[in-house]
Amino acid sequence: QVQLVESGGGLVQPGGSLRLSCAASVVTLGDYAIGWFRQAPGKEREGVSCISSSDGSTYYADSVKGRFTISRDNAKNTVYLQMNSLKPEDTAVYYCAVQWGTNCPTTRYDYWGQGTQVTVSS
């Protein structure tokens, strides 16, 4: 029974940065693949990034490649999404999700957080 709590969202101007955190109630975070998703008003949910359970390899959507970085601190059971050079189109609710024992990208996530709002506006 995995629970995820996102934090770090807020209001930022274009070009600014935010770091999102996802705290997971798991024994060993390294056993899980972790994904970040977002959903903007009127749009479908979009996969943003993922970090694999086995080798730590990462995946990024083309829309965020070069601007966002996913990482994890297994000792703290926390996943991070560093977001730089933010654009208005990055405005969305951001969700983290985990799946045991798999590599990225994956279409299946068994556990989801409730999201944190990111707003990029002048």
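Scroll up to find the structure.
Conventions used here
Residues numbered from 1 in each chain as written. Predicted model: local features only at pLDDT ≥ 70, side-chain atom pairs only at ≥ 80, totals over all residues. Heavy atoms only, no water. Helix = DSSP H or I, 4+ residues; strand = E, 2+ residues; numbered from the N terminus. Buried < 20%, exposed > 50% of the residue type's maximum accessible area, 1.4 Å probe, protein only. Contact = heavy atoms within 4.5 Å. Core = buried A, V, L, I, M, F, W, Y, C linked by side-chain atoms within 4.5 Å. Phe/Tyr/Trp six-rings, centres within 6.5 Å; stacked < 30°, edge-to-face > 60°. Lys NZ or Arg CZ within 6 Å of the ring centre and 35° of its normal. Disulfide = S-S within 2.5 Å.

Peer 1: Describe the environment of S63, listing the residues and the values that go with them.
Peer 2: Within the secondary structure, S63 is located in the loop between β6 (58–60) and β7 (68–73). Its relative accessible area of 33% is what places S63 among the partly exposed residues. Expressed as a C-alpha distance, the spacing of S63 and D90, which sit 27 residues apart in the sequence, is 9.0 Å. Excluding residues within four positions of it along the chain, S63 makes contact with R38 and E46.

Peer 1: For the nonpolar core, give the residues involved together with the corresponding values.
Peer 2: Judged by nonpolar contacts, the single largest core of 30 residues is most densely connected at W36, F68, L81, M83 and Y94. Mapped by element, the contributors of at least two residues to this core are β3 (18–24), β4 (32–39), β5 (46–51), β7, β8 (78–83), β9 (92–100) and β11 (116–120). A33, C50, A97 and C104 belong to the second largest nonpolar core, which has six residues in total.

Peer 1: Could you give me a rundown of the packing of aromatic side chains, with the residues and numbers involved?
Peer 2: Considering all chains together, one arrives at three aromatic pairs under this definition. Judged by centre distance (4.8 Å) and plane angle (45°), the rings of F37 and W112 are tilted. Remark: W112 occurs in strand β10 (residues 111–112) and F37 occurs in strand β4; sequence separation between them is 75 residues. Accessibility expressed as a relative area gives 11% for F37, which makes it buried. Where Y109 meets W112, the ring centres are 5.9 Å apart and the plane angle is 70°; that geometry is what we call edge-to-face. We classify Y109 as buried; its relative accessible area is 10%. We note R19 situated over the ring of Y80; from NZ or CZ to the ring centre the distance is 4.2 Å.

Peer 1: Give a detailed account of the state of the cysteines, specifying residues and quantitative values.
Peer 2: Scanning the entire structure with this criterion turns up two disulfides. One disulfide bridge connects C22 with C96, the sulfur atoms lying 2.0 Å from each other. Every disulfide takes its handedness from the sign of the S-S torsion; for C22 and C96 that torsion is 60°, giving right-handed. You can see C22 sitting in strand β3 and its partner C96 sitting in strand β9, a full 74 residues away along the chain.

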